[in-house]
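# Observations on chain architecture
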Amino acid sequence: MAPKHFLQLRDFSRDELAYLFGRTRWIKERFKRYEIYQPLRDRTLAMVFEKASTRTRVSFEAGMNQLGGIAINLNRGDTQLGRGEPIEDVARVISRMVDVVMIRTFEQTIIERFAAHSRVPVINGLTNEYHPCQILADVYTYIEHRGSIQGRTVAWIGDSNNVCNTWLQAALLFDFNVHVSTPPGYEVEPERAGIFDTSRFQSFSDPMQACRGADLVTTDVWTSMGFEAENAERQRDFARWEVDEEMMANANPDALFMHCLPAHRGEEVAASVIDGPQSVVWDEAENRLHAQKALLEYLVCGRVSG
Ligand code: CP
Ligand code: NVA
């Protein structure tokens, strides 16, 4: 039987995501009480990084260890991938040796090719198109702070990148609305975002307007990994898309601010916002750990009760 993969958010149903959130809460509560929970004893996670990472690396490695398993870190340059071994062959070999694989890479087609040749579940740890583990943690964080996200409005300010695309998928799965404001030339491409229903998505040329009525304002770097050659041009094009206090004042008074991190204060977000009272960025980062532990448990063990 083909293994279950998590290559983009919509690979999971609403019911599976609701189950994962229940497990996330359960796992987090026990972790906070220092209770040992090790359903993944003798299990191994291989992590393949073709781009840099702090949060994804630490949360997957710490999470796997806390669940009783081990994680092996593979950077492109240290492996035969860096010397041109086909991704299909790497998938065939690694997946005979470990129980689950997490990959951070460039095009989505790379992770899809890996998954097609893998005997074990594959998790997307970020591609140019999607960042599903981030949005698992972000939606969970919203619910922790404010309750159900159904019917709420999320304002995405800035680049229509991998994180934005995944918010758009989340909107359809959790029934909320996304207001997107990008500079001209950086608009959402629904097909690339993997959404075939745009009913939950509205685009705004003015970021101030996009924030109106928002329950959550979120942004990300102007230049994502892999697009560094465009950095100078992007610095000019995105100058009006900094989330500052004036922008936050357009949102609902109890709106939260999120950023997947790493952040650039003074570029996509003002220091007063990211370090201010509406910001939940540290909870967001912490919840990567708990949400991904629930994901690992589900992909390796299936549904469990307890
Ligand atoms: N948000 C996120 O994925 O961070 P890293 O790039 O540090 O893993
Ligand atoms: N959009 C960013 C997210 C980093 C976690 C990037 O891809 O670089």
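Above this text is the structure in question.
Residues numbered from 1 in each chain as written. Chains lettered and ligands numbered in written order. Predicted model: local features only at pLDDT ≥ 70, side-chain atom pairs only at ≥ 80, totals over all residues. Heavy atoms only, no water.

### Topic: the site of ligand 1
Looking at ligand 1, the residues that line it are Ser 53, Thr 54, Arg 55, Thr 56, Arg 104, His 131, Gln 134, Cys 260, Leu 261 and Arg 288. At 2.7 Å, a backbone N or O of Thr 54 approaches an oxygen atom of ligand 1. Arg 55 places a polar side-chain atom, nitrogen or oxygen, 2.8 Å from an oxygen atom of ligand 1. For ligand 1, whose free accessible area comes to 250 Å², the fraction covered by protein is 96%. A breakdown of the residues in the shell around ligand 1 according to their chemical character gives 2 nonpolar, 5 polar and 3 charged. (Near = heavy atom within 4 Å. Polar contact = N/O pair within 3.5 Å; in protein donor to acceptor, adjacent residues only side chain to side chain. Areas by Shrake-Rupley, 256 points an atom, 1.4 Å probe, with all protein chains shown as cover. Nonpolar A, V, L, I, M, F, W, Y, C, P; charged D, E, K, R; others polar.)

### Here we look at the site of ligand 2
Around ligand 2, a shell composed of Leu 126, Asn 161, Asn 162, Asp 220, Val 221, Ser 224, Met 225 and Leu 261 is seen. Between ligand 2 and Asp 220, the relevant distance is 2.6 Å, taken from a nitrogen atom to a side-chain nitrogen or oxygen of the residue. Note that an oxygen atom of ligand 2 is positioned 2.8 Å from one of the backbone N or O atoms of Met 225. When ligand 2 sits alone it has 270 Å² of accessible area, and the protein chains cover 94% of it.

### Notes on the environment of Asn 128
Mapped onto the elements of the fold, Asn 128 is located in the loop between strand 4 (122-124) and helix 5 (132-146). The sequence separation of Asn 128 and Gly 185 amounts to 57 residues, and the corresponding C-alpha distance is 17 Å. For Asn 128, the contacting residues outside a window of four places in its chain are Lys 51, Thr 105, Phe 106, Glu 107, Asn 162, Arg 192, Met 225 and Phe 227. Polar contacts involving the side chain of Asn 128 include one to the side chain of Lys 51, which spans 2.7 Å. (Helix = DSSP H or I, 4+ residues; strand = E, 2+ residues; numbered from the N terminus. Contact = heavy atoms within 4.5 Å.)

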